[in-house]
Structures are given as structure tokens and as C-alpha cells.
Amino acid sequence: MSKQDEKERHIQRLGRIASVLSVLMYVSYIPQIMNNLQGAKGNPIQPFVAMVNCTCWVIYGFMKKNRDWPLVIANVPGIFLGAITFFTAL
């Protein structure tokens, strides 16, 4: 295996790990959503900004000549969970 192939494998592995961590980060909104629905409202600014950020990254990943699927997959949950957290915090 060449150094370039090995480097590419490491980059792909890092992309997968980063995607999983990103999804976990947005799944962590679920307890805040539950608190919001029970009346213990959280601050809506951070999830709103996260939702907008994730939307931008998903659009960017789709618009690249070679679509960046790890980037798209990692940010789609942030759009939905950020939006739910934002709206339930209002």
C-alpha cells in the first residue's frame, strides 16, 4: 500500500468518526427538547444557530462537484433536531 493510499484511508476514517460525533452532538438535543416540552424552556439561540449552520453545510456538501456525503449525513440531524429544539424553546 502506498503512502498516498494509507493517507486516504486515514482521512476517510477521520471523516467517519467526525460524522458519528456530529450526529451524537445533535442527538444530545433530545433531553433539552424533553425539558422544553415539560415547561423548563432552554435558550433557543444556540439550537437556531446550529440549525442554520447545518443547513449551510448540507447545501455546501450537495453543491460540490463530488458530493461530500459524510458532511451531508453528519449535518442533516442538526437541521431537524436544532429546529425542534429551537421551536420547543419558544
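What you see is a predicted model; the values in this text were computed from it and never measured. (Residues numbered from 1 in each chain as written. Predicted model: local features only at pLDDT ≥ 70, side-chain atom pairs only at ≥ 80, totals over all residues. Heavy atoms only, no water.)

The helix and strand inventory of the chain stands at four helices and zero strands. Its helices and strands taken in sequence order, the chain reads α-α-α-α from the N to the C terminus. Taking 2.2 N^0.38 as the reference for a compact globule, 90 residues should give roughly 12 Å; the C-alpha atoms of the chain span a radius of gyration of 16 Å, well beyond that estimate. On the principal axes, the C-alpha backbone points of the chain span a range of 55 × 25 × 15 Å. Counting only residues that meet the buried cut, the chain has 29% of its 90 residues in that class. (Helix = DSSP H or I, 4+ residues; strand = E, 2+ residues; numbered from the N terminus. Rg over C-alpha atoms; globule rule 2.2 N^0.38 Å. Buried < 20%, exposed > 50% of the residue type's maximum accessible area, 1.4 Å probe, protein only.)

This paragraph deals with the pattern of salt bridges. For the coordinates displayed, the defined rule picks out one salt bridge. For Asp68, the salt bridge is made with Lys64, and the minimal N-O distance between the two is 3.9 Å. Owing to a relative accessible area of 32%, Lys64 belongs among the partly exposed residues under this scheme. (Salt bridge = Lys/Arg side-chain N within 4 Å of Asp/Glu carboxyl O.)

Turning our attention to the packing of helix α2 (residues 30-37) against helix α4 (residues 69-89). At a closest axis distance of 9 Å, the pairing of α2 and α4 adopts a crossing angle of 25 degrees. Classed by the angle they form, the pair α2 and α4 counts as roughly parallel. As for the relative orientation of α2 and α4, their crossing is left-handed in sense. Of α4, the residues touching α2 (which contributes Ile30, Gln32, Ile33, Asn36 and Leu37) are Leu81, Ile84, Thr85, Thr88 and Ala89. Considered class by class, the residues forming the contact of α2 with α4 number six nonpolar, four polar and no charged. (Axes fitted to C-alpha atoms, helices over the stretch in contact; angles between N-to-C directions. Parallel < 35°, antiparallel > 145°, perpendicular 65-115°, else oblique. Left-handed = near helix turned anticlockwise from the far one by under 90°. Contact = heavy atoms within 4.5 Å. Nonpolar A, V, L, I, M, F, W, Y, C, P; charged D, E, K, R; others polar.)

A few words on helix α1 (residues 3-27). In this model, α1 (25 residues) spans 36 Å end to end at C-alpha, consistent with the 36 Å of a helix rising 1.5 Å per residue. Buried residues of α1: Ser19, Ser22 and Tyr26, and no others. Contacts from the buried residues of α1 go to α3 (45-63) and α4. (Expected span 1.5 Å × (residues − 1).)

Before going further, it helps to spend a moment on the nonpolar core. With six residues, the main nonpolar core is built from Tyr26, Tyr29, Ile33, Ala50, Cys54 and Leu81. The contacts of Leu81, once residues within four sequence positions are left out, are Tyr26, Val27, Tyr29, Ile30 and Ile33. (Core = buried A, V, L, I, M, F, W, Y, C linked by side-chain atoms within 4.5 Å.)

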